[in-house]
2 protein chains.
Amino acid sequence: MQPINIAIAGFGKIARDQHLPAIQADPNYRLVAIADPHASLSGVPNFPSLDALLENLPELDAVALCTPPQLRHSQACQALAAGKHVMLEKPPGATLSEVEDIKASATRANRSLFASWHSRYAPAVGHAAAWLSERRIERVNIEWKEDVRHWHPGQTWLWEPGGMGVFDPGINALSIATAILPRPFFLQTASLSVPENCQTPIAASLTFSDRDGLPIGAEFDFLQTGPQTWDIHVDTSVGRMTLAQGGSQLWIDDKLEYEGKDREYPGLYERFSQLIRTGQSDVDVTPLRHVADAFLNGRRTVAAPFSDSA
Amino acid sequence: MQPINIAIAGFGKIARDQHLPAIQADPNYRLVAIADPHASLSGVPNFPSLDALLENLPELDAVALCTPPQLRHSQACQALAAGKHVMLEKPPGATLSEVEDIKASATRANRSLFASWHSRYAPAVGHAAAWLSERRIERVNIEWKEDVRHWHPGQTWLWEPGGMGVFDPGINALSIATAILPRPFFLQTASLSVPENCQTPIAASLTFSDRDGLPIGAEFDFLQTGPQTWDIHVDTSVGRMTLAQGGSQLWIDDKLEYEGKDREYPGLYERFSQLIRTGQSDVDVTPLRHVADAFLNGRRTVAAPFSDSA
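Residues numbered from 1 in each chain as written. Chains lettered and ligands numbered in written order. Predicted model: local features only at pLDDT ≥ 70, side-chain atom pairs only at ≥ 80, totals over all residues. Heavy atoms only, no water.

Under an unreviewed UniProt entry, the name given to chain A is Galactose 1-dehydrogenase, and the organism recorded is Aidingimonas halophila.

Turning to the packing of helix H9 (residues 286–297) of chain A against helix H9 (residues 286–297) of chain B, a few remarks are in order. Closest axis-to-axis distance for the H9 of chain A/H9 of chain B pair is 8 Å, and the angle between their directions is 75°. When the axis of H9 of chain A is compared with that of H9 of chain B, the two are roughly perpendicular. Residues Leu288, Val291, Ala292, Phe295 and Leu296 of chain A of H9 of chain A form the contact with H9 of chain B, whose own contacting residues are Leu288, Val291, Ala292, Phe295 and Leu296 of chain B. For the contact of H9 of chain A with H9 of chain B, the class distribution of residues is 10 nonpolar, no polar and no charged. (Axes fitted to C-alpha atoms, helices over the stretch in contact; angles between N-to-C directions. Helix = DSSP H or I, 4+ residues; strand = E, 2+ residues; numbered from the N terminus. Parallel < 35°, antiparallel > 145°, perpendicular 65-115°, else oblique. Contact = heavy atoms within 4.5 Å. Nonpolar A, V, L, I, M, F, W, Y, C, P; charged D, E, K, R; others polar.)

Under the UniProt annotation, "domain: Gfo/Idh/MocA-like oxidoreductase N-terminal" (unreviewed entry) lies at residues 4–113 of chain A. Each end of residues 4–113 of chain A is marked by a C-alpha atom, and these two atoms are 14 Å apart; helix forms 42% of the span and strand 22%. (UniProt positions renumbered as here; feature names shortened; annotations may be inferred.)

Looking now at the sheet that holds strand E2 (residues 29–35) of chain B. Residues and elements named next belong to chain B. Spatially, the six strands line up as an open sheet ordered E3-E2-E1-E4-E5-E6, and their pairing is parallel. Every other strand in the sheet has two partners, leaving strand E3 (46–47) and strand E6 (113–115) as the edge strands with one partner each. Across four bridges, strand E1 (residues 4–9) lies against strand E4 (residues 62–65) in parallel orientation. Bridge pairing in E4 places Ala9 opposite Leu65. Running over the sheet, helix H1 (residues 13–24) touches E1, E2, E4 and strand E5 (85–88) and is turned about 175° from E1. Those strands touched by helix H8 (residues 264–278) are E1, E2, E4, E5 and E6, and its axis lies near 150° from that of E5. (Pairing = 2+ DSSP bridges.)

Moving on, we come to helix H1 (residues 13–24) of chain A. The periodicity of an α-helix, 3.6 residues per turn, causes residues three or four places apart in sequence to face the same way. Residues and elements named next belong to chain A. Between the first and last C-alpha of H1 there are 16 Å, a value that for 12 residues agrees with the 16 Å anticipated at 1.5 Å per step. All of the buried residues along H1 are Ala15, His19, Leu20, Ala22 and Ile23. With its buried residues spanning 165° around the axis, H1 presents them on a single face. More than 90 degrees from the buried face of H1, the exposed residues found are Lys13 and Gln24. Along its buried surface, H1 packs onto strand E1 (4–9), strand E2 (29–35), strand E4 (62–65), strand E5 (85–88) and helix H8 (264–278). (Expected span 1.5 Å × (residues − 1). Buried < 20%, exposed > 50% of the residue type's maximum accessible area, 1.4 Å probe, protein only. Arc of directions from axis to C-beta.)

This part takes up the sheet that holds strand E6 (residues 113–115) of chain A. Residues and elements named next belong to chain A. An order of E3-E2-E1-E4-E5-E6 is seen for the six strands of this open sheet, with the pairing classed as parallel. The open sheet has two free edges, formed respectively by strand E3 (46–47) and E6, since each of these has just one partner strand. Against the sheet, helix H3 (residues 69–81) contacts E4 and E5, and its axis sits at roughly 160° relative to E5. Packing against the sheet, H8 makes contact with E1, E2, E4, E5 and E6, and its axis sits at approximately 150° to E5.

And the structure:
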């Protein structure tokens, strides 16, 4: 099979750290260009904009959009209209409404659209889903607690409208939970703690339920120092399953059952190539919809002002 | 044709003022019961709960759910699972996620589900859509400004999480705009003014765009005294159309072209009976999704405390 000629638009940190090596290691792809007004990569053509890329590289098949969410909609629609397949970094857009429009653009263009949720490709996620599919689930507790000053130094956009605050990592937990639990669930209550100098929450406490009344709790915290926690605990009738370390470890009743090495982005690119080869799209807005529901229904409390250096 | 045996669940103000007369005037329906723990209606059986209604009235075909949004999901799923068609007052749920689940319940039960947006059935809305469909639209301005103290006295739930504040009327404007404009649109910016003693906005200033870059502005205000404003202005290449007074008047360049009398709820019930007769559902979450997008991406500013009596 011919490799897929792919370009990366938006060559920032996540593109360099994750997308580039995943593409280079996958024989399904040939990286043919980078589009970024500021960053560049040697060995391939570099274009200052998506416009220039689409105009000058007719052999291009697909674009990985790693630009900020605010640019996703117009760029995705532009690339699709030019006949390119599109992969979107998470979240797939700044608003739910524009993601619907991107989906419509993909349908009109008859091209593959992949709204990627990288955490779903963490090594133990599939094992967790399989294990849970055969058990009766009684309770779910999500704990996603990290130190924003360590992981996101200087990322002031997190605190601006649309930056989502602690939901930027929290949406990864929701992308896993929506993938491993057997039924859709929906928000019951949300408590959002917002620093008085910020627009978005620094901590959130959420409860969800599904149609069978399953209690699901989630605690998101951006001020966790010491050990960092990215765990989902699921109590079942035969014991407790814990998906730990962001989906890389599967524990059953305090025994490590499975641990795999990180291949989230290779997994995403494998999926994207399958979608392209089979003429399909994969656009699941569920995680972003949960975040929007929490902002719509959350009770806000004012927290101490946040400073990166405090 | 046999009339549809319908019951009203939640017999509050909107049910008594609008749903009851619409059902009584429509030969497609026979009102067979009321379910409400507090309110009652003479001449038909009254049940204290939806449970009791579903258990004791096997001949029931359909339920109009006029209960608060917080109860919609469980009640709708319960009625659908019992084989009843369901009409939902606006908004169709407290969260977008639970509306998806109600849709899935309707599909499983093979029953009609109607998420109603009453303002779409205002008399001039269809005329406005038809007129616009043949013109080139250049700009849209929505002005939805009313006095909350006059129209919503004592409705403290408006200011609680999920109460939506000024978006409670504003969503009516969005339900009309999404029905009369030719293409989907999506939020660009939102500014939300939230009284310091409330959880939800008392005023909002929104900008939207569609894929062709159409500029759409919306001003929602809950503190309008004097003349009340529920207008949508659409500038086209051949003049300005104004849909005024909540959709009851159509003006073209300051000339009143059409005015009809209110039959929003009769229109809703006509639509619901068609859906039931043809085995279809009509669930458009677009207006609620715009509100969620605005809460997700809005910039909040603190406004003076609100008091009903001030």
